[in-house]
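# Secondary and tertiary structure notes
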Amino acid sequence: MKVFVTGAIGRPAVTALVSAGHAVTALARSDPKAAELAAKGATAVRGSIFDTPHLATLFAGHDVIVNLATALPPTADFAKLSAWKENIR
């Protein structure tokens, strides 16, 4: 299966999916992260989770998209609604 994974917490999923024999593409925001994903056996592509037109192009041809992207605030700020602005975005 061709799987596309987003999000830093998706790194363990990338390892598991590659180990299970899936063709994995993963979104990276930087060259070091892309290199890390490639070392795990994924095809790393550069982009932003907020660039919808670019994502649509990247997603084409995949059987499933796994979105594990988050922007959780520090634990001490969990009770503040304003701290969740980026995650809600």
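This text goes with the structure placed above it.
I will try to describe carefully the structure that is included in this document. Along each chain, residues carry numbers from 1 onward, in the same order as the chain's sequence is written. At least 70 in pLDDT is required for a residue's local features to be given in this predicted model, at least 80 for side-chain atom pairs to be given and counted, and no such filter applies to totals for whole chains, interfaces and linings, which use all residues. The side-chain figures draw on all heavy atoms in the structure; neither hydrogens nor water molecules are used.

## Some remarks on the environment of Ala-83
Note the following rule: Numbering of helices and strands runs from the N terminus, with a helix taken as a DSSP run of H or I at least four residues long and a strand as a DSSP run of E at least two residues long. Burial classes: relative accessible area under 20% of the type maximum marks a residue as buried, over 50% as exposed, and values in between as partly exposed (1.4 Å probe, protein chains only). Contacts: residue pairs with any heavy atoms within 4.5 Å of one another.
Position of Ala-83 relative to the elements: it lies in the loop between β4 (64-67) and α4 (85-88). Residue Ala-83 is classed as partly exposed on the basis of its relative accessible area, which comes to 22%. Not counting the four nearest positions on each side in its chain, Ala-83 is found in contact with Pro-73 and Asp-77.

## Regarding the nonpolar core
For clarity, the cut-off: In this description, a nonpolar core means a group of buried Ala, Val, Leu, Ile, Met, Phe, Trp, Tyr and Cys residues linked to one another through side-chain atoms lying within 4.5 Å.
Of all hydrophobic cores here, the largest spans ten residues; its members are Val-3, Val-5, Val-14, Leu-17, Val-24, Ala-26, Ala-28, Ala-34, Leu-37 and Ala-42. If you list the elements that add at least two residues to this core, you get β1 (2-6), α1 (11-19), β2 (23-28) and α2 (31-39). A per-element tally of this core places β2 first, with three residues. If near-sequence neighbours (up to four positions away) are discounted, Ala-42 is found in contact with Val-14, Val-18, Val-24, Ala-26 and Leu-37.

## Brief notes about α2
For clarity, the threshold we go by: Polar contacts, as counted here, are pairs of nitrogen or oxygen atoms within 3.5 Å of one another; within protein the pair requires one atom able to donate a hydrogen and one able to accept it, and residues that are adjacent in sequence qualify only if both atoms are side-chain atoms.
Sitting at the head of α2, Ser-30 places a side-chain oxygen 3.3 Å from the backbone nitrogen of Lys-33. Phi turns positive one or two residues past the end of α2, at Gly-41, with a value near 100 degrees.

## Quick word on the side chain of His-62
Turning to its location among the elements, His-62 is positioned in the loop between α3 (52-59) and β4. In this structure the side chain of His-62 is engaged in a polar contact, spanning 2.9 Å, whose partner is the side chain of Thr-25. Of note is the side chain of His-62, whose polar atom sits 3.3 Å from the backbone oxygen of Leu-58. The residues touching His-62, leaving out its near neighbours within four places in the chain, are Lys-2, Val-3, Phe-4 and Thr-25.

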